[in-house]
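Each chain, written out:
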Amino acid sequence: MAPASFETVAARNNSNIRKPLKGTFLLGAFGTAPIITTLVATAGQIEVPNTYESLGWISEDGLTFTRDREFSDVRGWGSGTFLRRDIRTDDHSVSFTALETKRLTKELRENRDFSAVEMSAAGEWKFDYLTRPDVKYWRGLAIGVDGVGSTLFYLAKFYHRLTVSEMDDEAWSDGDDPLQYNVTMTAEPDPVAGVIGTEFMF
């Protein structure tokens with residue numbers, strides 16, 4: 001090992017500091033929307049199948065990705081720490097606050113498929129509350145964008161199979177907050193692909 005300066009050893013690079021300045025979250029129906037294996041298109045463009053729909057505007061908090069790991073530890077008599085550690089569970093989830101009231105956000109809130117619910121000639125769109133809705137599964141694509149022009153950089157996470165695991169209360173008021181949908185979606189492995197998701201940077 002040759003002697004080197006601190007700066008050489010530290011190998012710090014400002015251009016590797018990423019900050020998603022804007023982004024979106026797209027959803028497609030599981031079983032209908034295809035698995036996304038690449039997003040790169042020419043001239044800085046991205047290519048997403050048209051079976052995916054964006055939630056539109058989400059709150060300034062953006063997207064929060066959570067990983068919750070549970071470990072199994074083996075300890076010996078007299079050992080000061082564990083002798084072996086195994087990961088028992090590794091749960092992935094994504095949380096966001098959707099600001100737009102539209103069919104897709106209502107589908108998330110109700111855990112339903114409203115693709116067949118049409119607007120009436122009188123301009124009325126409606127649905128009934130079910131006593132026991134079924135579980136709806138989605139494919140989800142999170143996209144974040146950093147930089148502009150020649151410094152444009154994309155970060156993305158694709159989840160093969162998501163369900164709505166948490167939904168906050170719906171509040172109607174004349175305060176500062178609009179009608180919004182605070183959602184947490186939890187990922188499951190795709191039974192065919194055998195993985196939870198894929199992360200992209202380009």
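The text that follows walks through the structure, step by step, so that each part is easy to find. (Residues numbered from 1 in each chain as written. Predicted model: local features only at pLDDT ≥ 70, side-chain atom pairs only at ≥ 80, totals over all residues. Heavy atoms only, no water.)

### Observations concerning the pattern of salt bridges
Here's step 1: Throughout the structure, instances matching the rule amount to 17 salt bridges.
Here's step 2: Salt-bridge contacts for Arg 103 lead to Glu 53; the nearest nitrogen and oxygen are separated by 2.3 Å. With Arg 103 in helix α2 (residues 103-110) and Glu 53 in strand β2 (residues 53-54), this residue pair connects regions lying 50 residues apart in the sequence.
Here's step 3: Overall, Glu 53 belongs to the partly exposed group, its relative accessible area being 26%.
Here's step 4: The salt bridge involving Lys 157 is made with Glu 199; its shortest N-O contact spans 3.0 Å. Of this pair, Lys 157 sits in strand β6 (residues 153-167) while Glu 199 sits in strand β8 (residues 197-201), placing them 42 residues apart in sequence.
Here's step 5: A residue is classified by how much of its surface remains accessible, and Glu 199, at 52% relative accessible area, is exposed. (Salt bridge = Lys/Arg side-chain N within 4 Å of Asp/Glu carboxyl O. Helix = DSSP H or I, 4+ residues; strand = E, 2+ residues; numbered from the N terminus. Buried < 20%, exposed > 50% of the residue type's maximum accessible area, 1.4 Å probe, protein only.)

### Structural notes on the packing of aromatic side chains
Here's step 1: According to the stated counting rule, one finds eight aromatic pairs in the structure shown.
Here's step 2: The interplanar angle of 40° and the centroid separation of 5.2 Å between the aromatic rings of Phe 25 and Phe 96 together place this pair among those described as tilted. Of the two residues, Phe 25 is situated in strand β1 (residues 22-29) and Phe 96 in strand β4 (residues 84-98); the sequence distance between them amounts to 71 residues.
Here's step 3: Judged by relative accessible area, which is 3%, Phe 96 ranks as buried.
Here's step 4: An aromatic cluster is defined as three or more aromatic residues linked by ring pairs; in this entry it consists of Phe 114, Trp 125, Phe 127 and Tyr 129.
Here's step 5: For Lys 136, the ring lying beneath its charged end belongs to Trp 138, and the centroid distance is 4.5 Å. (Phe/Tyr/Trp six-rings, centres within 6.5 Å; stacked < 30°, edge-to-face > 60°. Lys NZ or Arg CZ within 6 Å of the ring centre and 35° of its normal.)

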